[in-house]
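Here is what each chain is made of, one letter per residue.
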Amino acid sequence: MNFTGAHILSINQFQRQDVDRVFAVADQMEPYALRKRVTRVLEGAILGNMFFEASTRTRVSFGSAFNLLGGEVRETAGFENSALVKGESLQDTARVLSGFSDVICMRHPQEGSVADFASASRVPVLNGGDGANEHPTQALLDLYTIRQEIAARGQTIDGLKIAMIGDLRHGRTVHSLSKLLSLYNNVQVILISPEELTLPEAIVEQMRSAGVQVTISHELTNSIVDVDIVYSTRIQEERFSTKEEADLYRGKFRLNQAIYTEFCQPNTVIMHPLPRDSRADANELDSDLDNNPNLAIFRQADNGVLVRMALFALVLDVADKVDEFSYDVRWYNSRQV
Ligand code: CP
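Cut-off values and rules
Residues numbered from 1 in each chain as written. Predicted model: local features only at pLDDT ≥ 70, side-chain atom pairs only at ≥ 80, totals over all residues. Heavy atoms only, no water. Buried < 20%, exposed > 50% of the residue type's maximum accessible area, 1.4 Å probe, protein only. Helix = DSSP H or I, 4+ residues; strand = E, 2+ residues; numbered from the N terminus. Arc of directions from axis to C-beta. Contact = heavy atoms within 4.5 Å. Phe/Tyr/Trp six-rings, centres within 6.5 Å; stacked < 30°, edge-to-face > 60°. Lys NZ or Arg CZ within 6 Å of the ring centre and 35° of its normal. Near = heavy atom within 4 Å. Polar contact = N/O pair within 3.5 Å; in protein donor to acceptor, adjacent residues only side chain to side chain. Areas by Shrake-Rupley, 256 points an atom, 1.4 Å probe, with all protein chains shown as cover. Nonpolar A, V, L, I, M, F, W, Y, C, P; charged D, E, K, R; others polar.

**Thoughts on helix α4 (residues 90–100)**
- Those residues of α4 that sit buried are Leu90, Thr93, Ala94, Leu97 and Ser98. Viewed end-on, α4 has its buried residues packed into an arc of 120°, placing them on one side of the element.
- Considering only its buried residues, α4 is in contact with β2 (46–51), β4 (103–108) and α5 (113–118).

**A closer look at the packing of aromatic side chains**
- Scanning the entire structure with this criterion turns up six aromatic pairs.
- Ring geometry for Phe66 versus Phe312: centroids 4.9 Å apart, planes at 80°, classification edge-to-face. One end of the pair, Phe66, is in helix α3 (residues 57–68); the other, Phe312, is in helix α11 (residues 297–315), and 246 residues separate them in sequence. Just as Phe66 is buried, Phe312 falls in that class too.
- Three or more aromatic residues link up through ring pairs in this structure, and these residues are Phe62, Phe66 and Phe312.
- Of note, Arg308 hangs over the ring of Phe62, and the distance from its end group to the ring centre comes to 4.8 Å.

**Here's the deal with the environment of Met106**
- Inspection of the secondary structure puts Met106 in strand β4.
- Residue Met106 is classed as buried on the basis of its relative accessible area, which comes to 0%.
- Through-space distance from the C-alpha of Met106 to that of Thr137 is 11 Å; in sequence the pair is 31 residues apart.
- Not counting residues within four places of it along the chain, the set of residues in contact with Met106 comprises Met50, Phe52, Leu90, Val114, Phe117, Leu126, Asn127, Gly128 and Gly129.

**Some details on the site of the ligand**
- Lining the immediate environment of the ligand, one finds Ser55, Thr56, Arg57, Thr58, Arg107, His135, Gln138, Pro273, Leu274 and Pro275.
- Gln138 has a polar side-chain atom sitting 3.0 Å from a nitrogen atom of the ligand.
- Here Pro273 contributes a backbone N or O atom positioned 3.0 Å from a nitrogen atom of the ligand.
- The fraction of the free accessible surface of the ligand (250 Å²) that becomes covered by protein chains is 92%.
- Its residues placed into classes, the shell around the ligand shows three nonpolar, five polar and two charged.

Now the structure itself:
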């Protein structure tokens, strides 16, 4: 894949060597993300951060990643604050915003909307989530985290056994991660969901065709007994026609410390793309796991900055110049204490 100037819309664009390239550049970003060094390599560049659907992590970590590379961020959040509410098309919006920006990140509730926007953009567009379709940068940071967590025990992604739990029908992070895992060898995936919320058949087929061993389950505890990773997800309430319909599935597959201790291996890594739904009727990942050293959810969120810095550096072709435009931080850094 030639990253320079590319739109990042789907995991289907990636080969294994492309993922290796992203991860190598992400590793290189650590001193900047940890505020040991400052780089100004993107000084003068502008990110258009366009989020037409709710977000905390993706929006802020894209913005932080761009700032950490020395660039500036201009944001629109919500339809109500954009001219889309006046009937402007996504393509016209792209034609205009790409005149103001060097790269654009976008989230939108409709599947395929980010690709539609990108088709009229003069600058690279990164998909921050398009409806229930894909969330490619989340999958890259998830796999980066998996690699990091299991490396400590001498394992690689080849041979991984992972359970993905929850609303697999609508969960775009699971869709993108499933496609990404298909690039690796001897991977076993256990898909745990209510019968009505199984992973789309096309993605199951894509994994099986690539040699992934896929098991479908509608029961939690006996399906997580010997996995390396449990990847929990939220019921995607915003994809259902009514809250009452989503309520039918909420809280069906709760993981807490007691279940973890009884059924998981002692070193099973716990992941979640976040936000976890911590309301009493959901609570898919209980806060009593917060002191479990294998809970990787906040390390996972931190890694989003590294991976998004890497993607910006690659699509704007500065990955080899990041250190050249750098210096030590001047301020008190609580991360290093
Ligand atoms: N993981 C994720 O996409 O989180 P946000 O919805 O907060 O961006």
